[in-house]
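These are the residues of each chain, in order.
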Amino acid sequence: MKEGLEAIGLKMRFPVGKGRWLHALDGVGFNLAPREALGVVGESGSGKSTLARVVARLADQTDGAIRFDGADIGAVPAARFGRDPARRAIQLVFQSADDALNPAFTAARNIATGLGAGVRDDRRVAEVAAEVGLPAEHLGKRPHQLSGGQQARVGIARALIADPRLLILDEPTASLDVSVQAAVLKLIDALRRSRDVALLFISHDLDVVRLMCERIMVLYLGRVAEIGAVDAVLGTPRHPYTRALVAARPGHGRRPLALAGEAQSAIDPPEAACLFHTRCPLAVDRCRTERPLLRDIAGRSVACHRAEETAAASQAVSEPAGY
Ligand SMILES: Nc1ncnc2c1ncn2[C@@H]1O[C@H](COP(=O)(O)OP(=O)(O)OP(=O)(O)O)[C@@H](O)[C@H]1O
Ligand SMILES: [Mg+2]
């Protein structure tokens, strides 16, 4: 039995009318070992939240497999997953705690829903609230009476009360002020270590992923562009899209790398092409006619026909090596 999470060829298509399909995930595969943290980055619409929902079994993928500790959880329909033993082991913390919490429930009751509908365990709720740094006097309050940071802590506590082995965090701090963000990230990092839990950590912020994760997966229009150790991928990116993301990090005194051209549409995209070719400074004919598969190069995997040639260029972009 292979421990941890295995995603194989995940596809998720949504009908958008007239027989056309939006391909939110188009063959995404990766492994996540127990206790490992994998960051997921990519621009808006690249499929990050869809991936989170599919792995957490809140949505049924169109195709592909998901295994967790050897169990074929991808074969369990989302509608039935609530009763599956793996349910508690995989917990999702949503993009905005505000949306995710029940506004009519107290913080305590919101946290208790992580144990299952109608289950009450005041002792466990108090323990896990203390663990996430939520003062006991807040437990009787409703979400709107709490600050953003406190709401985030309630959302994390609700996930933790189930004793998960995999925590999926979908931009857990996106709606928070910078100072609160830092405190919540620190909490997540500490919990990860004390709890021995694996993280699938979705973020827009490469610097945050660098701090929180050992590995990173870069998505572009529902396909994996590059995946590997954070230091390798962000230090010497080999996919031109990763290069552009690294160059465009705010606050690093670098010019954003201008991406010429228009992004490919996610609606019925060409199967036999690199979807980045419309914006890629290195695109050649082959990129328009042949889909690049992930290949192992320089200690990571890259889906680019020209990954060998990007090395010199990426050195120029990422110097001085902030990463
Ligand atoms: N239920 C749905 N029906 C139709 N299209 C959808 C649905 N859910 C997501 N999509 C589309 O799938 C694509 C991926 O969306 P997703 O929310 O996964 O992106 P994301 O990477 O999380 O973006 P963001 O950074 O903005 O959160 C988008 O084009 C989105 O419009
Ligand atoms: Mg999202």
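Because the structure is predicted, anything quoted here is derived from the model rather than measured. (Residues numbered from 1 in each chain as written. Chains lettered and ligands numbered in written order. Predicted model: local features only at pLDDT ≥ 70, side-chain atom pairs only at ≥ 80, totals over all residues. Heavy atoms only, no water.)

Asks: How do you make sense of the site of ligand 1 when you look at a structure like this?
Replies: Lining the immediate environment of ligand 1, one finds 14 residues, of which Ser-44, Gly-45, Lys-48, Ser-49 and Thr-50 sit closest. The contact in question runs from an oxygen atom of ligand 1 to an N or O atom on the backbone of Gly-45, over 2.9 Å. One of the side-chain N or O atoms of Lys-48 is found 2.7 Å from an oxygen atom in ligand 1. Starting from 640 Å² of accessible surface for ligand 1 in isolation, the protein chains cover 63%. For the shell around ligand 1, the secondary structure elements donating two or more residues are β2 (21-32) and α1 (48-55). With three residues, α1 is the single largest residue contributor to the shell around ligand 1. Looking at side-chain class alone, the shell around ligand 1 contains three nonpolar, eight polar and three charged residues. (Near = heavy atom within 4 Å. Polar contact = N/O pair within 3.5 Å; in protein donor to acceptor, adjacent residues only side chain to side chain. Areas by Shrake-Rupley, 256 points an atom, 1.4 Å probe, with all protein chains shown as cover. Helix = DSSP H or I, 4+ residues; strand = E, 2+ residues; numbered from the N terminus. Nonpolar A, V, L, I, M, F, W, Y, C, P; charged D, E, K, R; others polar.)

Asks: Got a minute to help me understand the pattern of salt bridges in this structure?
Replies: It is possible for side chains bearing opposite charge to pair when their charged atoms get close. A full pass over the atoms with the stated rule returns 23 salt bridges. In this structure, Glu-6 and Arg-67 form a salt bridge, with 3.8 Å as the shortest nitrogen-oxygen distance. Pair noted here: Glu-6 is in strand β1 (residues 5-15) and Arg-67 is in strand β4 (residues 63-68), with a separation of 61 residues, a long-range link. Taking the relative accessible area as the measure of exposure, Glu-6 reaches 17% and is therefore buried. Note that Arg-195 and Glu-131 form a salt bridge whose closest N and O atoms lie 2.7 Å from each other. Residue Arg-195 is found in helix α7 (residues 178-195), and its partner Glu-131 is found in helix α5 (residues 122-131); the two are separated by 64 residues along the sequence. Judged by relative accessible area, Glu-131 falls into the partly exposed class, the value being 31%. (Salt bridge = Lys/Arg side-chain N within 4 Å of Asp/Glu carboxyl O. Buried < 20%, exposed > 50% of the residue type's maximum accessible area, 1.4 Å probe, protein only.)

Asks: What exactly am I supposed to notice about the domain arrangement of the protein here?
Replies: Many authors give the size of an interface as the accessible area that is lost as the parts come together. The domain boundaries assigned to the protein delineate domain 1 (5-213) and domain 2 (225-318). If you average the C-alpha positions of domain 1 and of domain 2, the two centres end up 28 Å apart. Between domain 1 and domain 2, the contact holds 17 residues from the first and 16 residues from the second. Buried area between domain 1 and domain 2, summed over both chains or domains, comes out near 1,400 Å², and the portion from carbon and sulfur atoms is 54%. (Domains from an automatic or database assignment. Contact = heavy atoms within 4.5 Å. Buried area = accessible area lost by both parts, 1.4 Å probe.)

Asks: It is not clear to me how the sheet that holds strand β9 (residues 223-229) should be interpreted in this structure. Could you clarify?
Replies: Backbone-to-backbone hydrogen bonds join strands into a sheet, with any given pair of strands oriented parallel or antiparallel. Strand order across the open sheet formed by eight strands is β5-β6-β7-β3-β8-β9-β11-β10, with mixed pairing between neighbours. On the outer flanks of this sheet lie β5 (90-93) and β10 (295-297), each paired with one strand and no other. Recorded for the sheet is a direction-independent mean angle of 20 degrees between the axes of neighbouring strands. Sitting on the sheet, helix α6 (residues 148-160) touches β5 and β6 (166-170), and the angle it makes with β5 is about 170 degrees. (Pairing = 2+ DSSP bridges. Axes fitted to C-alpha atoms, helices over the stretch in contact; angles between N-to-C directions.)

Asks: Whenever I open this one, α7 confuses me. Can you help?
Replies: Each full turn of the α-helix corresponds to 3.6 residues, which orients residues three or four apart in the same direction. Over its 18 residues, α7 extends 25 Å from the first C-alpha to the last, a length consistent with the 26 Å expected when each residue adds 1.5 Å. Turning to α7, its buried residues number three or more, namely Gln-181, Val-184, Leu-185, Leu-187, Ile-188, Asp-189, Leu-191, Arg-192 and Arg-195. Buried positions along α7 lie against β3 (37-41), α5, α6, β6, β7 (198-202) and α8 (206-212). (Expected span 1.5 Å × (residues − 1).)

Asks: How should I be thinking about unusual backbone geometry in this particular structure?
Replies: Glycine aside, negative phi is the norm for most residues, and most peptide bonds take the trans geometry. The backbone of Asp-163 sits at a positive phi, close to 55 degrees, despite the residue not being glycine. The exposure class assigned to Asp-163 is partly exposed, which follows from its relative accessible area of 44%. Even without glycine at this site, Leu-221 takes up a positive phi of about 45 degrees. By secondary structure assignment, the location of Leu-221 is in the loop between β8 (215-220) and β9. By relative accessible area, which is 14% here, Leu-221 ends up buried.

Asks: Is there a simple way to explain the state of the cysteines in this structure?
Replies: In a disulfide, the sulfur atoms of two cysteines are held together by a covalent bond. If you walk through the whole model with that rule in mind, you get zero disulfides. Cys-304 forms no disulfide, and the closest cysteine sulfur to it belongs to Cys-280, at a distance of 6.1 Å. Using a relative accessible area of 8% as the deciding quantity, one classes Cys-304 as buried. (Disulfide = S-S within 2.5 Å.)

Asks: Can you help me understand the sheet that holds β1 in this one?
Replies: What the three strands build is an open sheet, ordered β2-β1-β4; its pairing is antiparallel. With partners counted over all chains shown, the strands left at the sheet margins are β2 and β4, one partner each. This sheet shows a mean twist of 20 degrees between the axes of neighbouring strands, independent of strand direction. Here nine bridges tie β1 to β2, and the two strands are oriented antiparallel to one another. Of the residues in β2, the one forming a bridge with Arg-13 is His-23.

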